[in-house]
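Reading the structure
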Amino acid sequence: MLRRTLLALASLAPLVAHAQPAFPTRPITMTVGFAPGGPADVIARLIAPALSADLGQPVIVENVAGAGGSIAQGRVTGARPDGHGILFGSLAQATIPTLYRNLTFDPLALEPIGLVNEVPMAVIARRDFPAANLAEMVAVVRREGRRLNLGNAGVGSTSHLCSLLLQSAIGVPVTLIPYRGNGPVLNDLMAGTLDLGCDQTTNNAEQIRSGAIRGYAITTPARVGALPNVPTTEEGGLPAMRMSGWNMLFAPPGTPAAVVERLNRALLAALREEAVVRRMTDLGSLPASGERVTPAGAAAFWRAEVTRWRPLLEAAGGFAD
């Protein structure tokens, strides 16, 4: 009887294997929570072809902008947990749990796949701003205060966090101007109708190099290859002004571990692609490496970022909803 049972189970094995086909079985939608052309979208479209090549299926970038990235996160959180719908997340995923009180989803339920990249921020200004270096810029801000305006891409965005941190480091508030995305901020800086900004180097390195805007400092401990002549905030006398933007891949909650691991392998392959690394470097971005590229390391990093930014957001007052 035991032998007949074992033989029966053995005969079912091919059927079970057939019922659970290898992932992926169809195109993968990678949702970006911001408009086309922004920093997150640029990196998402850079890695999508490399992910496709490794996975053997098209990876389609879909932009679902609005509400600081929370609409996109809600969509992926509620998606079928089979890995065919993933989120190309950003630092916004660390601010949403604090800024939004009436969410219809758990903002910490996503399954991290791995960190994609880290992006230094650049303290920038219109090209005729009356300061030759960071120290002089800080002096102008302390003198002029709220008469100066500082643009950002909206509450909870990476540039908004950078603006809050810059105010805190200088010790003087300025007038914060929220825009609908990073593109309009950059346009107004180049037009000279906006005084200051603080944005990812992926969004402004070319404009700084060309002289269309001023680049006063980089917010990471080391200078970036794309902007070798722009000093760090520590070199410029503002050591408290240190941060990076980042992007991370997430899967819906409940996605099988084997699918998350397969997506992670594809991410690792993409980050080894010479063309991907070269373009990220040109943009002033740093491809992720080490423990943070693993699902467990990415999860720990994400939760640490939620904890880091919560006090600053709460001190600023107000919510996004």
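See above for the structure.
Residues numbered from 1 in each chain as written. Predicted model: local features only at pLDDT ≥ 70, side-chain atom pairs only at ≥ 80, totals over all residues. Heavy atoms only, no water.

**Things to note about the overall build of the chain**
From N to C terminus, the chain includes 11 helices and 10 strands. Against the 2.2 N^0.38 benchmark of 20 Å for 321 residues, the chain shows a C-alpha radius of gyration of 22 Å, consistent with a compact globule. A total of 321 residues make up the chain; the buried ones form 52% of that total. Relative to all contacts within the chain whose residues are 6 or more apart in sequence, the contacts with residues 24 or more apart total 79%. (Helix = DSSP H or I, 4+ residues; strand = E, 2+ residues; numbered from the N terminus. Rg over C-alpha atoms; globule rule 2.2 N^0.38 Å. Buried < 20%, exposed > 50% of the residue type's maximum accessible area, 1.4 Å probe, protein only. Contact = heavy atoms within 4.5 Å.)

**Topic: the packing of helix α8 (residues 201-210) against helix α10 (residues 274-283)**
Two elements in contact, α8 and α10, have axes separated by 8 Å at closest approach and are oriented at 60°. Only R279, D282 and L283 of α10 make contact with α8, whose side of the interface consists of T201, T202, A205, E206 and R209. Grouping the amino acids of the contact of α8 with α10 by side-chain chemistry returns 2 nonpolar, 2 polar and 4 charged. (Axes fitted to C-alpha atoms, helices over the stretch in contact; angles between N-to-C directions. Nonpolar A, V, L, I, M, F, W, Y, C, P; charged D, E, K, R; others polar.)

**Focus on the packing of aromatic side chains**
Aromatic ring pairs are reported here in terms of the distance separating the ring centres and the angle at which the planes meet. Considering all chains together, one arrives at 3 aromatic pairs under this definition. Ring geometry for F250 versus W302: centroids 4.9 Å apart, planes at 65°, classification edge-to-face. Here F250 is found in strand β9 (residues 244-251), whereas its partner W302 is found in helix α11 (residues 295-316), with 52 residues between them in sequence. On the accessibility criterion, F250 (0% relative accessible area) is buried. By relative accessible area, which is 0% here, W302 ends up buried. (Phe/Tyr/Trp six-rings, centres within 6.5 Å; stacked < 30°, edge-to-face > 60°.)

**Notes on α8**
Counting buried positions along α8 gives 7 out of 10 residues, so the element sits mostly inside the fold. Buried within α8 we find T201, T202, N203, N204, A205, Q207 and I208. Against α2 (39-55), β4 (111-126), α7 (182-191), β7 (196-200), β8 (213-218) and α10 lie the buried residues of α8.

**As for the nonpolar core**
Judged by nonpolar contacts, the single largest core of 81 residues is most densely connected at M30, L51, F88, V116, F129, M137 and L249. It is α2 that provides the largest number of residues to this core, a total of 9 residues. If we ignore the near neighbours within four places in the chain, the residues touching M137 are V123, F129, A131, I170, L196 and Y216. Within the second largest apolar cluster, 14 residues are counted, among which are V185, L186, A205 and V224. (Core = buried A, V, L, I, M, F, W, Y, C linked by side-chain atoms within 4.5 Å.)

**Side note on unusual backbone geometry**
A negative phi angle characterises most non-glycine residues, just as the trans form characterises most peptide bonds. Residue P24 is reached from F23 by a cis peptide bond, and omega for that bond is -5°. Relative to the assigned elements, P24 resides in the loop between α1 (2-19) and β1 (28-32). Positive phi, normally seen in glycine, also occurs at A67, with a value near 55°. Secondary-structure assignment places A67 in the loop between β2 (59-63) and α3 (70-77). On the accessibility criterion, A67 (36% relative accessible area) is partly exposed.

**Observations concerning the pairing of β1**
Among the 5 residues of β1, 4 are classified as buried, and the element is accordingly described as predominantly covered. In the classification by handedness, the crossover that spans β1, the intervening α2 and the parallel β2 is right-handed. Relative to strand β3 (residues 85-90), β1 runs parallel, the two being bridged by 4 bridges. Among the inter-strand pairings, T29 is bridged to a residue of β3, identified as G85. (Right-handed = clockwise from strand over helix to strand, strands pointing away. Pairing = 2+ DSSP bridges.)

**Quick look at the environment of I124**
Tracing the backbone through its elements, the reader meets I124 in strand β4. Given a relative accessible area of 2%, I124 falls into the buried group. Residues I124 and I208 lie 84 residues apart in sequence; the distance between their C-alpha atoms is 8.2 Å. Residues contacting I124, with those up to four places away along its chain left out, are L189, D195, L196, G197, C198, D199, N204, I208, I213, R214 and G215.

**Some thoughts on the side chain of D41**
Examined against the element boundaries, D41 turns out to sit in helix α2. One polar contact links the side chain of D41 to the main-chain amide nitrogen of G37, over a distance of 2.9 Å. For D41, the side chain forms a polar contact with the side chain of R45, separated by 2.9 Å. For D41, the residues in contact, after removing those within four places along its chain, are V32, A35, P36, V61 and N63. (Polar contact = N/O pair within 3.5 Å; in protein donor to acceptor, adjacent residues only side chain to side chain.)

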